[in-house]
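# What the coordinates show
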Amino acid sequence: MELTPAALKGTNPCPICLGPIVQESYLDKCFHKFCYDCIVQWTRVVSSKQSLSPSSVNCPLCNTENYSLIRGFDGTWFERRYVNQNFRDSFSFITKAHKYRLQCYCTEPAGILNAAAAFDVSSYWNSGKYLQSNQWLQSWLKREVQALTKVEDVDIIVHHLIGVFDSFVRRNEQKHVKTSGMIREEFKTLVSDAARPFILERTNRFVDEIELFLASGLSIEAYDGDYANNPSTRQ
C-alpha cells in the first residue's frame, strides 16, 4: 500500500495521550496516527511483556499487525523505525504520580478558573506571596516535565525554568508601579516563553498548573491529594 498525503491528513488528537499530536507518526499498515513518543512507548510496553524482541506490533486502535513506525513524511521522504529496533529502553522512572499528572493535562481545562478560586490565586498575586521561595517547586517541576516529555533526565529544563523564576522575583522585588495583574501576566509570559520549546502544545496549561501549585502553598503530596479531591479540577 502506497503512502499518500491524503491518507496522512487529519486533525484528531492522539488516541494514546488524548492530547494534540506531537511529531506525527504512522503505523505502516493501518496508517493510524499517533504522537511519535506515544506509539514508541506503546511498542516498548508490548515488547517488554515478551521474552524475545517482537518484529511486529498490533495497532492499539484496530489491532492490525504493523512492522514499523513512520514519521517525517513530506511526500518525498520519510523516516522508518522498525518495531524490533531498540524498543527496550527503560521507562522505570514513570510512576503512578507521573501517569496521574499526565492524565490531568489531557483533560479539558474548563475547571481551571474554579480551581484558581479554590487555591486563591488572586490573593497569591495581590499579597505579594509570589516573592516567597517555594521549597517544593524544583521537585514538582521535575515531575511535571518528566510526565509531559516522557524523558527522565530533564534537569537542564528544570534549571532553565528555575532561573526564569528567580530572575522574575529579583526584578519584582524592586518598588515598581505595577498592578498585580501586570505582574501576573509578566510571569505567565516569561514562563511560557521558557517552557514552550520543551512542552509545545501543552505550554499554556503547564503555566496554569504552575500557578495553581505555587498559589496552593502545599507540598507535592498534599497538592496532589487536594487537586484530586477538588471537583473543579476533575473533568
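Notes on the structure follow. For clarity, every value in this text was computed on a predicted model and none was experimentally measured.

## What to know about the overall build of the protein
- From N to C terminus, the protein includes 10 helices and 6 strands.
- Expressed as a percentage of the 235 residues in the protein, the buried residues total 44%.
- A fraction of 62% describes how many contacts in the protein between residues 6 or more apart in sequence connect residues 24 or more apart.
- Approximately 13100 Å² of the protein is accessible, and the part contributed by carbon and sulfur atoms is 51%.

## Remarks on the packing of helix α3 (residues 96-106) against helix α10 (residues 220-229)
- Remark: α3 packs on α10, axes separated minimally by 12 Å, with the N-to-C direction vectors making an angle of 45°. Classified by the angle their axes make, α3 and α10 are oblique. Judged by the twist between their axes, the crossing of α3 over α10 is left-handed. Residues Y100, R101 and C104 of α3 pack against Y223, D224, Y227 and A228 of α10.
- Here the contact of α3 with α10 is built from residues that sort into 5 nonpolar, no polar and 2 charged.

## What about the pairing of strand β1 (residues 24-27)?
- As judged from the 3 bridges shared by β1 and strand β2 (residues 33-35), these two strands associate in the antiparallel manner. Looking at the pairing, S25 lines up with F34 of β2.
- Between β1 and β2, which pair antiparallel one after the other, the connecting turn spans 5 residues, and F31 there sits at a positive phi close to 65°.
- As defined by bridge partners, β1 adjoins strand β5 (residues 68-71) across 3 bridges and the pair is classed as antiparallel. Along β5, the bridge assignment pairs S25 with R71.

## Some remarks on the nonpolar core
- Counting residues in each nonpolar core, the largest one holds 39 residues, and the members touching the most others are L141, F206 and I210.
- Secondary-structure elements contributing two or more residues to this core are α3, α5 (121-126), α6 (137-149), α7 (155-173), α8 (180-199), α9 (203-216) and α10.
- The element contributing the most residues to this core is α7, with 8 residues.
- Once you skip the residues sitting within four places of it in the chain, F206 turns out to touch Y105, L141, E144, V145, L148, L161, A195 and I199.
- C30, Y36, I39 and V57 belong to the second-largest nonpolar core, a separate cluster that totals 15 residues.

## Considerations on the packing of aromatic side chains
- Taken as a whole, this structure holds 11 aromatic pairs when the rule is applied.
- When the centroid spacing of 5.8 Å and the interplanar angle of 25° are considered together, the rings of F165 and F187 count as stacked. Taken together, the residues F165 in helix α7 and F187 in helix α8 connect sequence positions 22 residues apart.
- Residue classification places F187 among the buried positions, given a relative accessible area of 4%.
- Linked through ring pairs, Y124, W125, Y130, F165, F168 and F187 together constitute an aromatic cluster.
- Over the ring of Y36 we find R71; its NZ or CZ atom is 3.7 Å from the centre of that ring.

## Quick word on α3
- Residues of α3 that are buried: H98, R101, L102, C104 and Y105. All buried residues of α3 project into a common sector of 150° when viewed along the axis, lining one side. Of the exposed residues in α3, those oriented more than 90 degrees away from the buried face are K96, K99 and Q103.
- Elements in contact with the buried residues of α3: α6, α9 and α10.

## Quick look at unusual backbone geometry
- The backbone phi angle of N63 is positive, close to 70°, even though this residue is not glycine.
- Tracing the chain through its elements places N63 in the loop between β3 (57-58) and β4 (65-66).
- Residue N63 is classed as exposed on the basis of its relative accessible area, which comes to 54%.
- A positive phi angle, near 60°, is found at L200, a position not held by glycine.
- For L200, a relative accessible area of 34% puts it in the partly exposed group.

Rules behind the numbers
- Residues numbered from 1 in each chain as written.
- Predicted model: local features only at pLDDT ≥ 70, side-chain atom pairs only at ≥ 80, totals over all residues.
- Heavy atoms only, no water.
- Helix = DSSP H or I, 4+ residues; strand = E, 2+ residues; numbered from the N terminus.
- Buried < 20%, exposed > 50% of the residue type's maximum accessible area, 1.4 Å probe, protein only.
- Contact = heavy atoms within 4.5 Å.
- Areas by Shrake-Rupley, 256 points an atom, 1.4 Å probe, with all protein chains shown as cover.
- Axes fitted to C-alpha atoms, helices over the stretch in contact; angles between N-to-C directions.
- Parallel < 35°, antiparallel > 145°, perpendicular 65-115°, else oblique.
- Left-handed = near helix turned anticlockwise from the far one by under 90°.
- Nonpolar A, V, L, I, M, F, W, Y, C, P; charged D, E, K, R; others polar.
- Pairing = 2+ DSSP bridges.
- Core = buried A, V, L, I, M, F, W, Y, C linked by side-chain atoms within 4.5 Å.
- Phe/Tyr/Trp six-rings, centres within 6.5 Å; stacked < 30°, edge-to-face > 60°.
- Lys NZ or Arg CZ within 6 Å of the ring centre and 35° of its normal.
- Arc of directions from axis to C-beta.

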